[in-house]
Amino acid sequence: MKITMIGAGYVGLVSGTCFADFGHSVTCVDLDQRKIDALLSGIMPIYEPGLAELVASNVASGRLSFTTDLKAGVAGADAVFIAVGTPSRRGDGHADLTYVYQATRDIASAITGPLVVVTKSTVPVGTGDEVERILRDAAPDAEVAVVSNPEFLREGAAISDFKRPDRIVIGTTDARAKLVMQDIYRPLYLNQAPLLFTERRTAELIKYAANAFLATKITFINEMADLCEAVGADVQDVARGIGLDNRIGSKFLHAGPGYGGSCFPKDTLALLKTAEDHDVPSRIIEAVVQVNDSRKRAMGRKIIQAMGGEARGKTVGLLGVTFKPNTDDMRDAPSIAIAQALQDAGANVVAYDPEGMEAAKSVMPGVTFKSDPYAVAEGADALALVTEWDAFRALDLAKIAKTMNSPVLVDLRNVYKAEEARRHGLRYTSIGRPTAD
Ligand code: UGA
């Protein structure tokens, strides 16, 4: 199969590279000349474990190429995937479809034969209909089918998620498009990944429903964590106790500082807008968005409380700033609101992150970045573990306690045990678990 991927961002680059690794011939097209130049010289625009190696081996085998020339990329392709960004539109939270529709118009002017156009970007229900309308208007004689094929990969685990998906959702009723999509995913199908064919609008909604449900699950356990703190229960045991029920499942029940990233915040907002537009308000998702938003700043207050209620003139160290480990992505990271809340209360904030410091500099003004976790702890009045990078899982707690001005550890990811932290001389607070005093 000859596949063209429009957009060499997270989804486009990972999907395109994995398709090439299955044996397809893939061209990734991006308008950003600098990004394409960097990719051509082996430099990845994002940090994703294993990606650089996979790109290199598939480029070397001749199955993967990069270009800014959309026309040449689309010529002769069996399928073109649209994997461009759909950010929140400023002001109203709707998904901004400018890039999707522009890509569609560009594809329309480059069609050379029968083509399947696939939306992989997360797009609101009905977008496929509009993509089809644009294509039909611009290229009335072309044999095109429009398919929705949402992507469920997670940053930091993107390649394994792509290669071992729980399911593949394909929204189309067009017989030819079904065959093309079956051929594209055949390598995964042989590994027993269920291929779920649905109507196009249903596939579009499945993506939003999945992300909104996961965001709800996280927000639910975060509220349970607050209740655990109030009644003296342990949220990790509560999560285990409910998660062992197969109907609930144990995943996405880790209490923390609130979800962030490029997907859950944006997609929950966009789903709310779709629901409103159709006069079907979603109170559950409304509550999830509000609870999660206020939780991030509340984590700043939790740190201040752990320092005795006063932050002015004190120094707080943050371990981890990215929204989750194994990424350099800072979009909607809880650390941003936490640092802001601390600074508003008069604290001086220092931080370290294994991959995210470059991206963090522009979104965390006034924060001083250090070269390692111990430098962050030195002289601090509180240390908060914000992102659960592996590098923070076996810290020398005794050394940290000794060099801090006041040995307060606020573990927002429940990485450590209270008893262990206390034994090393730290005053320890975590999320939804009894403190060790
Ligand atoms: C999420 C979904 O998990 C993917 O299936 C989806 O494809 C992707 O969005 C997308 O729409 O593109 P991602 O944003 O990369 O993936 O990251 P997650 O691992 O889902 O984490 C999101 C946030 O939830 C992070 O801030 C994480 O710390 C938080 N989280 C996750 C928790 O606080 N607790 C948990 O138990 C799980």
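Scope of this entry: the structure provided in the associated data block. (Residues numbered from 1 in each chain as written. Predicted model: local features only at pLDDT ≥ 70, side-chain atom pairs only at ≥ 80, totals over all residues. Heavy atoms only, no water.)

Digging into the overall build of the chain
To be explicit about the condition: Working definition: helices are DSSP H or I runs of at least four residues, strands are E runs of at least two. Numbering for both runs from the N terminus. The globule rule used here is 2.2 Å times the number of residues to the 0.38 power, and the radius of gyration it is set against is calculated over C-alpha atoms. Partly exposed describes any residue whose relative accessible area lies between the buried limit of under 20% and the exposed limit of over 50%, with all areas from a 1.4 Å probe on protein chains only and scaled to the type maximum. Residue contacts are counted whenever heavy atoms from the two residues lie within 4.5 Å of one another. To measure how exposed things are, a 1.4 Å probe is used in the Shrake-Rupley method; for residues, cover is taken only from the protein chains shown. Here the positive residues are Lys and Arg and the negative ones are Asp and Glu; neither His nor the chain ends is included. Lysine's charge is taken at NZ, arginine's at CZ, aspartate's at CG and glutamate's at CD.
Secondary structure summary: the chain contains 17 helices and 14 strands in total. Computed over C-alpha atoms, the radius of gyration of the chain comes to 24 Å, within 12% of the 22 Å expected from 2.2 N^0.38 for 437 residues, which places it in the range of a compact globule. Across its three principal axes, the chain shows a C-alpha extent of roughly 75 × 50 × 40 Å. Buried residues in the chain amount to 53% of all 437 residues. Look at the contacts in the chain between residues 6 or more apart in sequence, and 72% of them connect residues 24 or more apart. Of the roughly 19200 Å² of accessible surface on the chain, 52% is carried by carbon and sulfur atoms. Across the chain, the centroid of the 48 positively charged side chains sits 3 Å from that of the 55 negatively charged ones.

Structural notes on the site of the ligand
Here is the rule we go by: Here a residue is considered near a molecule or strand provided that any single heavy atom belonging to it is located within 4 Å of it. Under the rule applied, a polar contact is a pair of N or O atoms within 3.5 Å (in protein, one hydrogen donor and one hydrogen acceptor; residues adjacent in sequence only if both atoms are side-chain atoms).
Around the ligand there are 19 residues in total, and Phe152, Leu153, Glu155, Lys207 and Cys263 lie nearest to it. With respect to the ligand, the backbone of Gly260 contributes an N or O atom lying 2.9 Å from an oxygen atom. Between Arg413 and the ligand, the recorded distance is 2.9 Å, taken from a side-chain N or O atom to an oxygen atom. Across the complex, the protein chains shield 92% of the 710 Å² of accessible surface that the ligand would expose by itself. Elements that contribute at least two residues to the shell around the ligand include exactly helix H9 (200-231) and helix H11 (264-277). Counting residues per element, the shell around the ligand draws most heavily on H9, which supplies three residues.

What to know about the nonpolar core
This is how it is decided: By nonpolar core is meant a set of buried Ala, Val, Leu, Ile, Met, Phe, Trp, Tyr and Cys residues that side-chain atoms within 4.5 Å join together. Where each domain starts and ends comes from a domain assignment, either automatic or drawn from a database.
The biggest cluster of nonpolar side chains holds 57 residues, and the ones touching the most others in it are Leu318, Leu342 and Met364. Both domains that meet at this core, namely domain 2 (208-288) and domain 3 (296-429), each give it at least three residues. In this structure, Leu13, Ile46, Ile159 and Leu195 belong to the second largest nonpolar core, which totals 41 residues.

Regarding the sheet that holds strand S11 (residues 368-369)
Convention followed: When DSSP finds at least two bridges between two strands, those strands are taken to pair. Interaxial angle, 0 to 180 degrees, is taken between N-to-C directions of lines fitted to C-alpha atoms, where a helix line uses only the stretch in contact.
Read across the sheet, six strands follow the order S11-S10-S9-S12-S13-S14 without closing on themselves; strand pairing throughout is parallel. If you trace the sheet from one side to the other, it starts and ends with S11 and strand S14 (427-430), each paired once. Where strand S13 (residues 408-411) and S14 come together, four bridges link them in parallel fashion. Its bridge partner lying in S14, Val408 is registered against Arg427. In the packing of helix H12 (residues 283-306) onto the sheet, contacts are made with strand S9 (315-319), strand S12 (382-385), S13 and S14, and the angle to S14 comes to roughly 155°.

Considerations on empty space enclosed by the protein
For clarity, the threshold we go by: In this analysis, the protein atoms alone were mapped onto a 1 Å grid. Cavities are point sets where a 1.4 Å probe fits without being able to get out; pockets are open sets with protein on both sides within 12 Å along at least five of seven lines; lining residues have an atom within 4 Å of a point. Grid points are joined across faces, edges and corners, and a volume is the space filled by probe spheres set on the points. Charged means Asp, Glu, Lys or Arg here, nonpolar means Ala, Val, Leu, Ile, Met, Phe, Trp, Tyr, Cys or Pro, and polar covers whatever is left, Gly included.
Taken as a whole, this structure holds one cavity of 30 Å³ or more when the rule is applied. Within this model, the largest cavity holds a volume of roughly 30 Å³. Lys120, Ser121, Thr122, Val123, Ser148, Pro150, Glu204 and Lys207 are the residues that line the largest cavity. Residues of the lining of the largest cavity, tallied by class, amount to two nonpolar, three polar and three charged.

With respect to the layout of surface pockets
The volume enclosed by the second largest pocket comes to roughly 1100 Å³. As for the second largest pocket, its lining consists of 42 residues, and the residues nearest its centre are Gly9, Val84, Gly85, Thr86 and Arg331. Of all the elements in the fold, those that place two or more residues in the lining of the second largest pocket are helix H1 (10-22), helix H5 (98-108) and H11. Of all the elements, H5 adds the most residues to the lining of the second largest pocket, at four residues.

Re H5
The test is simple: Regarding the arc, it is the one traced by the directions from the helix axis to the C-beta atoms.
Those residues of H5 that sit buried are Val100, Tyr101, Ala103, Thr104, Ile107 and Ala108. For H5, the buried positions fall inside an angular range of 160° around the axis, keeping them on one side. The secondary structure elements touched by the buried residues of H5 are strand S1 (2-6), helix H4 (70-74), strand S4 (79-82), strand S5 (115-119) and helix H6 (127-138).

Topic: the environment of Asp106
Mapped onto the secondary structure, Asp106 falls in helix H5. Here Asp106 falls in the partly exposed class, since its relative accessible area comes to 24%. Along the primary structure Asp106 and Leu70 are separated by 36 residues, whereas in three dimensions their C-alpha atoms are 7.4 Å apart.

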